[in-house]
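Single-letter residue listing:
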Amino acid sequence: MIGTRRGGARNNTAVNQYSIALRRQIAPRAVIFCAWTVWYLAPVSLTHLVNGAGLLLVRMHAMSSYSPGIPYVEGLGRGSGAMMVLCGFVLSLAMFRELLSNAVARTAIACTHMLANVALVVAVALLGTALSFLSDTFPTLLSFHNSFGFEVFARSQVSVFGPIRFPDLMLGWMSGEADYVAMFCTVTLTLLLCIFAGHAAGELWAVSGAIARVTGVAAVVVLVPTAYSFRSDPGLMARYIRVIGLMRGHVTRFVPHTLLGYDLPNYQTTFSIWPQLAFTVALCAVFAAMSLFFTRRRQLAGVQRVMGIL
Amino acid sequence: MLSLTNVSKRFGGHDAVRAVNVQFQPGVIYGLLGKNGAGKTSVLSMIGNRTLPDSGTILLDGVSVVDDAPAQRRMFLSNEAWPYPLYSTLSGIFSLVAYYYGDFDRELAGRMLRSFGIGPADRFGRLSEGKRQAVKAILALCTPTDYVMCDEPTKGLDATGRETLYRYILEAYDRRERTIILSTHAIAEVEGIIEHAVVLDGGTVLESFDLSNLVNQGVTLTAERGVMDSYLDKTHPRVMSRQSLGNLSIVAVHGTVRGDLPAGIVSRPLDLQSYVIQLTSGGNL
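Residues numbered from 1 in each chain as written. Chains lettered and ligands numbered in written order. Predicted model: local features only at pLDDT ≥ 70, side-chain atom pairs only at ≥ 80, totals over all residues. Heavy atoms only, no water.

*Asks:* Quick question: what am I supposed to make of the overall build of chain B here?
*Replies:* Summing up its helical and strand segments, chain B has nine helices and 14 strands in all. With respect to the principal axes defined by its C-alpha atoms, chain B has extents near 65 × 40 × 35 Å. Scored against the burial criterion, the 285 residues of chain B give a buried share of 55%. With the model as given, the accessible surface of chain B reaches about 11400 Å², and the carbon-plus-sulfur share is 49%. Between the averaged position of the 28 positive side-chain charges in chain B and that of its 30 negative side-chain charges there is a distance of 5 Å. (Helix = DSSP H or I, 4+ residues; strand = E, 2+ residues; numbered from the N terminus. Buried < 20%, exposed > 50% of the residue type's maximum accessible area, 1.4 Å probe, protein only. Areas by Shrake-Rupley, 256 points an atom, 1.4 Å probe, with all protein chains shown as cover. Lys, Arg positive; Asp, Glu negative; His and termini not counted. Charge placed at Lys NZ, Arg CZ, Asp CG, Glu CD.)

*Asks:* Is there a simple way to think about the overall build of chain A in this case?
*Replies:* Looking only at helices and strands, chain A has nine helices and five strands in total. What you see in chain A, going N to C, is helices and strands ordered as α-β-α-α-α-β-α-β-α-α-α-β-β-α. In chain A, 74% of the contacts between residues at least 6 apart in sequence involve partners at least 24 apart. (Contact = heavy atoms within 4.5 Å.)

*Asks:* Which parts of the structure should I look at to understand the sheet that holds strand β11 (residues 218-224) of chain B?
*Replies:* Whether parallel or antiparallel, the strands of a sheet pair through hydrogen bonds between backbone atoms. Residue and element names in this part refer to chain B. Strand order in the open sheet made by the four strands is β12-β13-β11-β14, with antiparallel pairing throughout. A strand with exactly one partner marks an edge of an open sheet, and here the two such strands are β12 (238-245) and β14 (266-269). Pairwise comparison of adjacent strand axes, ignoring direction, gives a mean angle of 20° for this sheet. Looking at chain direction, β12 and strand β13 (residues 248-254) are connected through seven bridges and run antiparallel. Opposite L245, over in β13, you have L248 as the bridge partner. The strands touched by helix α8 (residues 225-235) within the sheet are β11, β12 and β13, with β11 carrying the most contacts at an inclination of about 130°. In the packing of helix α9 (residues 272-281) onto the sheet, contacts are made with β11, β12 and β13, and the angle to β12 comes to roughly 100°. (Pairing = 2+ DSSP bridges. Axes fitted to C-alpha atoms, helices over the stretch in contact; angles between N-to-C directions.)

*Asks:* Sorry if this is basic, but what is going on with the sheet that holds strand β5 (residues 63-64) of chain B here?
*Replies:* Residue and element names in this part refer to chain B. Pairing within the open sheet is antiparallel, and its four strands lie in the order β2-β1-β4-β5. Edge positions in the sheet fall to β2 (14-24) and β5, since each of these pairs with one other strand and no more. Here helix α1 (residues 40-47) sits on the sheet and contacts β1 (2-11), β2 and β4 (55-60); the angle it forms with β1, its principal contact strand, is near 115°.

*Asks:* Looking at this model, I keep getting lost on the packing of aromatic side chains. Mind explaining?
*Replies:* Applying the stated rule across the entire model yields nine aromatic pairs over all chains. Relative to W205 of chain A, the ring of F89 of chain A lies with its centre 6.0 Å away and its plane at 65°, an arrangement referred to as edge-to-face. Here W205 of chain A lies in helix α6 (residues 180-207) and F89 of chain A lies in helix α2 (residues 78-94), a separation of 116 residues in the sequence. Using a relative accessible area of 31% as the deciding quantity, one classes W205 of chain A as partly exposed. Note on F24 of chain B and Y30 of chain B: the rings are 4.9 Å apart at their centroids and 85° apart in plane angle, and the pair reads as edge-to-face. Here Y30 of chain B falls in the buried class, since its relative accessible area comes to 3%. Connected via pairs of aromatic rings, a cluster forms that spans W82, Y84 and F124 of chain B. Here the basic side chain of R297 of chain A rests over the ring of F293 of chain A, its NZ or CZ set 3.9 Å away from the ring centre. Over the ring of Y101 of chain B we find R73 of chain B; its NZ or CZ atom is 5.7 Å from the centre of that ring. (Phe/Tyr/Trp six-rings, centres within 6.5 Å; stacked < 30°, edge-to-face > 60°. Lys NZ or Arg CZ within 6 Å of the ring centre and 35° of its normal.)

*Asks:* How should I be thinking about α8 of chain B in this particular structure?
*Replies:* An α-helix turns once every 3.6 residues. As a result, residues three or four positions apart point the same way. All names here are of chain B. Within the span of α8, buried status applies to M228, Y231 and L232. Along the axis of α8, the buried residues cluster in a sector spanning 95°; they form a single face. Structural note: α8 exposes G226, D233 and K234 on the side pointing more than 90 degrees away from its buried face. In this fold, the buried residues of α8 make contact with β11, β12 and β13. Positive backbone phi, approximately 50°, marks H236, located one or two places after α8. (Arc of directions from axis to C-beta.)

*Asks:* For this particular structure, what's the right way to read the confidence of the model for chain B?
*Replies:* As a general rule, the predicted coordinates of low-pLDDT regions are not to be interpreted in detail. Residue and element names in this part refer to chain B. Mean pLDDT over chain B works out to 90, with 99% of the residues at or above the 70 mark. Per-element confidence in chain B is highest for strand β8 (residues 179-183), whose mean pLDDT is 95, and lowest for β12, whose mean pLDDT is 85. For this predicted complex, the interface confidence comes out at an ipTM of 0.87, alongside a pTM of 0.80. (pLDDT = per-residue confidence, 0-100.)

*Asks:* Got a minute to help me understand the side chain of Q17 of chain A in this structure?
*Replies:* The topology assignment puts Q17 of chain A in helix α1 (residues 14-51). Within the local environment of Q17 of chain A, its side chain forms a polar contact with the backbone nitrogen of A105 of chain A, the two atoms lying 2.7 Å apart. (Polar contact = N/O pair within 3.5 Å; in protein donor to acceptor, adjacent residues only side chain to side chain.)

*Asks:* Help me understand the domain arrangement of chain B in this model?
*Replies:* Note: interface size is frequently given as the accessible area lost on complex formation between the parts. Split by domain assignment, chain B resolves into domain 1 (2-210) and domain 2 (218-269). When each unit is reduced to the centre of its C-alpha atoms, the spacing between domain 1 of chain B and domain 2 of chain B is 38 Å. (Domains from an automatic or database assignment.)

*Asks:* Please clarify how the nonpolar core should be interpreted in this entry.
*Replies:* Residues and elements named next belong to chain B. Of all hydrophobic cores here, the largest spans 70 residues; its most connected members are M112, L139, L182 and L272. Residue contributions to this core peak at nine residues, all from helix α3 (residues 90-101). With 27 residues, the next largest nonpolar core counts V20, I47, L77 and L200 among its residues. (Core = buried A, V, L, I, M, F, W, Y, C linked by side-chain atoms within 4.5 Å.)

*Asks:* Help me out: how do you make sense of the environment of G39 of chain B in this one?
*Replies:* Positionally, G39 of chain B belongs in the loop between β3 (29-34) and α1. What G39 of chain B contacts, discounting residues up to four positions off in sequence, is A16, V17 and L200 of chain B.

*Asks:* I'm lost on the packing of α6 of chain A against helix α9 (residues 274-296) of chain A in this one. Help?
*Replies:* Two measures define how a pair of helices packs: the angle their axes make with one another and the distance between the axes. Residues and elements named next belong to chain A. For the pair α6 and α9, interaxial distance at closest approach is 8 Å and the crossing angle is 25°. Of the possible angle classes, the one that applies to α6 and α9 is roughly parallel. In terms of crossing hand, the pair formed by α6 and α9 is left-handed. Looking at the contact of α6 with α9, its residues break down into 17 nonpolar, seven polar and one charged. (Parallel < 35°, antiparallel > 145°, perpendicular 65-115°, else oblique. Left-handed = near helix turned anticlockwise from the far one by under 90°. Nonpolar A, V, L, I, M, F, W, Y, C, P; charged D, E, K, R; others polar.)

This is the structure:
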C-alpha cells in the first residue's frame, strides 16, 4: 500500500464492513418504524385530546379488520403485511447504490439487508405484542385491538409449547387467556415472510430487464384482482380455509356443549402453531436465498435513472 | 499494482470491453483516453465493482477486487452516478464518506469548496451541473484511498473550473502520493498532468505508453504528394492517417522516422491529442 502523508484508508475487516453496512441499513428502517408507530398511535393521542384528560378508555383498531383473504397476513392484518412487502421492495432498491459504491461487498449488502429487516420486524412485532399485553392488563387505560387474526393468536387457541389443548367453547378468544409468545412468534414470522418477499421481489426487479419488468407488473395487475375476486366464491373459500387449517395443524373434536341449560352438539377446534411457523420459516429461507442469489449478480447501471435513489 | 488481465464485458449483445490487459502502477497519474464508446467507463465500472466482468481477472496487489470489500476500500470511483442522499448538506456527505473510508481530508475539501464557490451547507441536489461535478472531484481527491478513478471529472465545468480542478489534482497528489486514473475527452488539457496514457478503442487497449515517450509515438509528415508517395513506397512506415490539401499530403506515421528525411518533407512530433485522434480514427480523418 502506498505510504500516506495524511490520513489512510480504514482498516476494513469483514466484521467492520458488516458493521458499517448494518448501521446504514438500520437507519432508514428506524425512520420507518417511528413513522409506523406514530401513524398507528396518533389516533390514541388525538382521541385523548378531543375528549379531555378524563378519558381513560381508549379503544383503537389498529391495522386492518379481520380478513381471511390473504394467507398468513391474516395473522396480523393486511395493512402491516403490505407495508412490509413495500418496505422490503423499496429499501432493496434504495440502499444498494450507496453501499456498493462505498466498498461494501454484495454478499454483505444482502446479509445486512436481511438482518436489518429482521430488526424492523421484531421491533414492530414487539410493539404490537406489548400493546396487546397492555390492553389486556390495563383495559381501562388502553384497549388496543389488532386484527381479529392477531387476537386469535393472543387468546390462546393455539398450543405452542405444550400438548394440544381445547379451550372452553364459546369463550374462545374472548376468554381472556392469552399466549403472547405464540402471538409474537406468529406475527414476527408472518411479517418476516412479507418483508423477505418484498426484498426478493426488489432484487429480482433490479436484475430484470425492461421487458421482464413490464411483464411482471402486468402479471401482478391481472392476477391480484383475479385472486382477490375468488374471495366471493364460497367453495374456493372453504377449500382455502381447509388448506390454512392443514398448515396450522388443526385438530377438531366433537363435544356436547352446554349453553343456557341445553346440550348442543358442536365441534371444538384448536391447532398447533408449529406447522405454520415451520412453513413460514421455510418460505423465508427460500426468499432469503433468492435475495442473496440476485444481489450477488446485481450491477449498477452506467446511467443513473433517478439520482440518489436508484 | 492494479492489473487487468483479459477482462471482457458485454452489454445487451454488444462487446463493451474485449480482453483488456492493462496495469496501473502505484503513485502514477494515468489518462484513460479514447472515443465515445471506447470502453473507458465500462473498465472503470468493473474496477470499481459497479459492474461485474464476464471474464478475466482484476487484481490489486494480487488480490481480486471483484466484490472484495478490503480491496475496494483502497479505491474510489467518481463517475456520473451520485450514490449519496441527494439533499444532504455537503458537510454531511463528507461525514458519510469519512464513515465509509476513514480519514477524509477536510482541510483540502474546504479549500476546494471555496475555490468553486460552494458552501459546506449547500445541498448536492440544488447545485448546478458544474458544481456537482466539482463536488464529485472533491470527494475523490479527499478520500484516503490509494487508487482514485475519475470518469470525466471536468464534464460541465467551465474553463476556469477545469484549470482549478487540475491544480487541485496535482496538489492532492503532492499531499499524498496515490494512483490517479483520469478518464477524459479533454486530452489536450490533461497532457500536462498525466504521466502515462492508456488509449482504448472498440473495447480494447490500443496503446499504453509513458508521456515522456510521446515524442517517439508518432510524427506528422507534410510534403507534396509526389514526394510523399515516393517516400512512403520506399520506407513503408506504419501510416495512421492520410489527408490531402490540394497538392499537399499530410501523413500521420506511427513511431519515429528512421534515418534522414528526404528534402521537401517536414516532420513534426504529434502532441497527445493529435496522436490519440490519429490512433483511434482508423485512418478515417
